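Descriptive analysis of the structure
What follows is each chain in one-letter form.
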Amino acid sequence: MAISVQDSGSTAMTLNTDITLNAAITAAGVYQLHFDSNPLATFDEILILIVTQKVLTGSTERQNDRIVMARGTDDDKVKVDIPRTSEFSLTYKLRQEGGTARTIDWRVDKLQ
């Protein structure tokens, strides 16, 4: 299986705001998000992953998942989302709630 980086960056979070990480991925494939939660410092600092995608080419992109992925006190700092298939459009967002706004490093891999 070929793996390549689809998109990556360091994103400054704004508290209680959904921050879009990547431009909508419109090439069919299997994708996986990785991010480093090490900047989170306390238990009340959490990151929520929001995934949106289209079901059909003419559909509206809608939320299909929302998961609390990280807390400042987690031992495992690098977080990896499940592989996700997309035929038409896929977007990853992070939302930080609590504490001090942090900068998060992330990347989206294309798995095939």
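Residues numbered from 1 in each chain as written. Predicted model: local features only at pLDDT ≥ 70, side-chain atom pairs only at ≥ 80, totals over all residues. Heavy atoms only, no water.

**Thoughts on the side chain of S86**
- Here S86 lies in strand β7 (residues 84-86).
- Residue class for S86 comes out buried when judged on its relative accessible area of 5%.
- Within the structure, S86 has its side chain in polar contact with the backbone oxygen of S89 (distance 3.3 Å).
- Sequence-distant contacts of S86, defined by excluding residues within four places in its chain, comprise I25, A27, A28, G29 and Q53. (Helix = DSSP H or I, 4+ residues; strand = E, 2+ residues; numbered from the N terminus. Buried < 20%, exposed > 50% of the residue type's maximum accessible area, 1.4 Å probe, protein only. Polar contact = N/O pair within 3.5 Å; in protein donor to acceptor, adjacent residues only side chain to side chain. Contact = heavy atoms within 4.5 Å.)

**Considering the sheet that holds strand β2 (residues 18-20)**
- Read across the sheet, four strands follow the order β2-β8-β4-β5 without closing on themselves; strand pairing throughout is antiparallel. Each edge of the open sheet carries a strand with a single partner, namely β2 and β5 (62-71). The sheet shows a mean angle of 25° between the axes of neighbouring strands, direction not considered.
- Pairing of strand β4 (residues 46-53) with strand β8 (residues 90-97), which is carried by eight bridges, proceeds in the antiparallel orientation. Counterpart to I50 in the pairing with β8 is K93. (Pairing = 2+ DSSP bridges. Axes fitted to C-alpha atoms, helices over the stretch in contact; angles between N-to-C directions.)

**So, the pattern of salt bridges**
- One pass over the structure, following the stated rule, counts seven salt bridges.
- Residues D81 and R84 are paired through a salt bridge, measuring 2.5 Å at the closest nitrogen-oxygen approach.
- Residue E97 pairs with R95 through a salt bridge whose shortest N-O separation is 2.8 Å.
- Classification of R95 by relative accessible area gives buried; the value is 17%. (Salt bridge = Lys/Arg side-chain N within 4 Å of Asp/Glu carboxyl O.)

**Quick word on the packing of aromatic side chains**
- Counted under the stated rule, the structure contains zero aromatic pairs.
- It is R71 that lies over the ring of F43; its NZ or CZ is 4.3 Å from the centre. (Phe/Tyr/Trp six-rings, centres within 6.5 Å; stacked < 30°, edge-to-face > 60°. Lys NZ or Arg CZ within 6 Å of the ring centre and 35° of its normal.)

**Regarding the confidence of the model for the protein**
- Per-chain confidence: the protein averages 95 in pLDDT, with 100% of residues scoring 70 or above.
- Element-level pLDDT for the protein is lowest in β5, with a mean of 93, against a maximum mean of 98 in strand β9 (residues 103-110). (pLDDT = per-residue confidence, 0-100.)

**A few points about the pairing of β8**
- Among the eight residues of β8, six are classified as buried, and the element is accordingly described as predominantly covered.
- Of the strand pairs in this sheet, β2 and β8 are connected by three bridges, and their pairing is antiparallel. Bridged to D18 within β8 is R95.

**Some points on the environment of D75**
- With respect to the secondary-structure elements, D75 resides in the loop between β5 and β6 (78-80).
- The exposed category is assigned to D75, whose relative accessible area is 75%.
- In this structure, the C-alpha to C-alpha distance between D75 and S37, residues 38 residues apart in sequence, is 9.9 Å.

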